Amino acid sequence: MIRVVLPQHLRTLAHLDGEVELAVEGQATQRSVLDALEACYPMLRGTIRDHVTQRRRPFVRFFACAQDLSHESPDAPLPDPVVTGGEPFLVVGAMAGG
Amino acid sequence: MSGVRVLVGTRKGAFILTADGTRQRWDVSGPHFAGWEIYHLKGSPADPSRLYASQTSGWFGQVIQRSNDAGKTWESVDNKFAYDGVPGTHQWYDGTQHPWEFKRVWHLEPSLTDPDTVFAGVEDAALFRSADGGHTWQELPALRGAKGHLWQPGAGGMCLHTILLDPSHPDRIFVAISAAGAFRSDDAGRTWRPVNCGLKAPSELPDRNAEVGHCVHRIAMHPSRPDVLFMQKHWDVMRSDNAGDSWQEVSGNLPSDFGFPIDVHAHEPETIYVVPIKSDSEHYPPEGKLRVYRSRTGGCEWEALTKGLPQRDCYVNVLRDAMAVDSLDSCGVYFGTTGGQVYASADAGDSWAPIVRDLPAVLSVEVQTLT
């Protein structure tokens, strides 16, 4: 299972208390994880990546294993500790006040 | 027992204020959608328990919320606002062309007759419609064909902020856009034409007779006389007696004719309200005095309404969607400020009191009269 940690506003929107565990078929990538996440929680569509272009929203970033994966290809394999569930995939709101 | 429900959108959530028909004691619920910008929420005239809310964030984009129980519980519905076809370009601040990009929903206008039909005015300016309670949205793309390449953003963005549905002509819709102007459809949105004849903007538009490009801030209509429209423009308060075909200035003796909201008394179609703001570069009341101005003559002759409003050191703004009226007798008038106060008058503006005073900056105020 892949563990995903969402920022507070998206947890509230999806009615979630803690992290999400997702079964992802095939290779685990940003795209496949987000596809699985949005399939389980359709209210998150459009909040992490654009509906039409599927690009990451500008004020959202992806971290895992102490690395910033935001600028990796959405089809690049995720690190092994994320794939095995040892480390979570973090969806993070940019540090921009508000 | 009659009552009033005031729907308040703020920079950090939505609040719902309720009172009985005396409008003396108010209960406040919220924040709903805490931490999100709530540009607008509005109830269905056909089913007052059906509410729609525009929830938006610079981080996470647009969400549309729907309630079937007057705001006690909410469900998110579809948030996909995809322009029809290739969106094209509009004019940018510097006069160059810029691609159309969806940013947020500014205004939601439920149908007068069907709770599942609702219109959404968005930035970059376009009009969308849902006929299934917000589960899917379709653009009415002919609007952007009305010289959309010449539309330009105002300081707040290129937003479609006003949607008026004509109760006497079910296929007639008015919309207003900053900075494009007012537009009318007489066939339920299939075709549109600009209705800006008579608007002047010598400082902002090089063409004195420009058909589009006008920075309309708000339009109001009384449902009993839908051909009579009142407009607060960037500068100038205007009036049309022919459904927008032509406009005349009715700023009269206002201390400033810059402002954002305008509204009409529920029972007196010639009684209108504005909140003058000092200028386009100083968005606060003249002289630090928060004054609503009322005209009982459909414009030109205005009286200051000050009782209960701060008359010194007040530097808040009142945004375009932040004024509304109830239809009790006598008419209640409400407005919210960027300082977080919501003021109400239960006597048509003669006296005012804050019904809540420390909210986040208020973006919108709507009122439901409950019977």
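Everything discussed here concerns the structure shown above.
Presented here is a report on the structure given in the accompanying data block. Just so we're clear, the structure is a prediction, and the values are computed from it rather than from any experiment.

1. Here's the deal with the overall build of chain B
Secondary structure summary: chain B contains 0 helices and 30 strands in total. In terms of overall size, chain B behaves like a compact globule, its C-alpha atoms giving a radius of gyration of 19 Å where 371 residues would be expected to give roughly 21 Å. When its C-alpha atoms are laid out on the principal axes, chain B stretches across 50 × 45 × 40 Å. Taken over 371 residues, chain B has a buried fraction of 55%. Counting contacts in chain B only where the partners sit at least 6 residues apart, residues at least 24 apart contribute 51% of the total.

2. Description of the overall build of chain A
Each helix and strand in chain A was counted, giving 3 helices and 5 strands. Its helices and strands in sequence order give chain A the pattern β-α-β-α-β-β-α-β, from N to C terminus. Along the three orthogonal principal directions, the C-alpha set of chain A runs to about 35 × 25 × 25 Å. Counting all 98 residues of chain A, 24% fall into the buried class. Put simply, of all contacts in chain A between residues at least 6 apart along the chain, 57% involve residues at least 24 apart.

3. As for the sheet that holds strand 21 (residues 248–249) of chain B
Sheet strands pair via backbone hydrogen bonds, and the direction of the pair is either parallel or antiparallel. Residues and elements named next belong to chain B. In space, the 4 strands of this open sheet follow the order 18-19-20-21, with antiparallel pairing throughout. Only two strands of the sheet have a single neighbouring strand rather than two, namely strand 18 (216–221) and strand 21. Pairing between strand 18 and strand 19 (residues 229–233): 5 bridges, direction antiparallel. The partner of arginine 218 across the bridge, within strand 19, is glutamine 232.

4. Here we look at the sheet that holds strand 30 (residues 362–370) of chain B
Residues and elements named next belong to chain B. Strand order in the open sheet formed by 4 strands is 3-2-1-30, and the pairing between neighbours is antiparallel. Looking at which strands have only one partner, the edges of the open sheet turn out to be strand 3 (27–32) and strand 30. Averaged over all pairs of adjacent strands, the angle between strand axes in this sheet comes to 15 degrees, irrespective of strand direction.

5. Considerations on helix 2 (residues 30–40) of chain A
Residue and element names in this part refer to chain A. The complete set of buried residues in helix 2 reads Gln30, Val33, Leu34 and Leu37. Taken down its axis, helix 2 places every buried residue within 95 degrees of arc, on the same side. Check the buried side of helix 2 and you find it contacts strand 1 (2–5), strand 2 (20–22), strand 3 (60–64) and strand 5 (89–93).

6. Focus: the interface of chain B and chain A
Listed by partner, the interface residues are 13 residues for chain B and 14 residues for chain A. For the side of chain B that touches chain A, the residue count by class is 5 nonpolar, 7 polar and 1 charged.

7. Quick word on the nonpolar core
Of all hydrophobic cores here, the largest spans 133 residues; its most connected members are B:Val8, B:Val122, B:Val175, B:Ile219, B:Tyr334, B:Val342 and B:Val365. With residues near it in sequence (within four places) discarded, B:Ile219 still touches B:Thr162, B:Leu164, B:Phe174, B:Ala176, B:Ala182, B:Leu229, B:Phe230 and B:Met231.

8. Here we look at the pairing of strand 3 of chain A
Residues and elements named next belong to chain A. Two strands pair when backbone bridges link them, and strand 3 and strand 5 are joined in this way by 4 bridges, in the antiparallel orientation. Bridging across to strand 5, phenylalanine 62 finds its partner in valine 91. Looking at chain direction, strand 3 and strand 4 (residues 67–68) are connected through 2 bridges and run antiparallel. Considered in strand 4, the bridge of alanine 64 is made with glutamine 67. In sequence, strand 3 turns back onto strand 4 through a hairpin of 2 residues, with cysteine 65 there showing a positive phi of about 50 degrees.

9. Topic: unusual backbone geometry
All names here are of chain B. Residue aspartate 124 follows glutamate 123 across a cis peptide bond; omega there is -5 degrees. With respect to the helices and strands, the residue aspartate 124 is situated in the loop between strand 11 (118–123) and strand 12 (126–130). Look at the link from serine 178 to alanine 179: it is a cis peptide, with omega at -5 degrees. Position of alanine 179 relative to the elements: it lies in the loop between strand 15 (173–178) and strand 16 (181–185). With phi around 60 degrees, arginine 23 is a residue other than glycine that occupies positive phi space.

10. What to know about the environment of B:Asp257
All names here are of chain B. Its place among the elements puts aspartate 257 in the loop between strand 21 and strand 22 (258–264). Residue aspartate 257 is classed as buried on the basis of its C-beta count, with 21 C-beta atoms lying within 10 Å. Ignoring any residue separated from it by four or fewer positions in sequence, one finds aspartate 257 in contact with Trp235, Asp236, Val237 and Ser251.

About the cut-offs
Residues numbered from 1 in each chain as written. Chains lettered and ligands numbered in written order. Predicted model: local features only at pLDDT ≥ 70, side-chain atom pairs only at ≥ 80, totals over all residues. Helix = DSSP H or I, 4+ residues; strand = E, 2+ residues; numbered from the N terminus. Rg over C-alpha atoms; globule rule 2.2 N^0.38 Å. Buried ≥ 20, exposed ≤ 12 C-beta atoms within 10 Å, placed from the backbone. Contact = placed C-beta atoms within 7 Å. Pairing = 2+ DSSP bridges. Axes fitted to C-alpha atoms, helices over the stretch in contact; angles between N-to-C directions. Arc of directions from axis to C-beta. Nonpolar A, V, L, I, M, F, W, Y, C, P; charged D, E, K, R; others polar. Core = buried A, V, L, I, M, F, W, Y, C linked by C-beta atoms within 7 Å.

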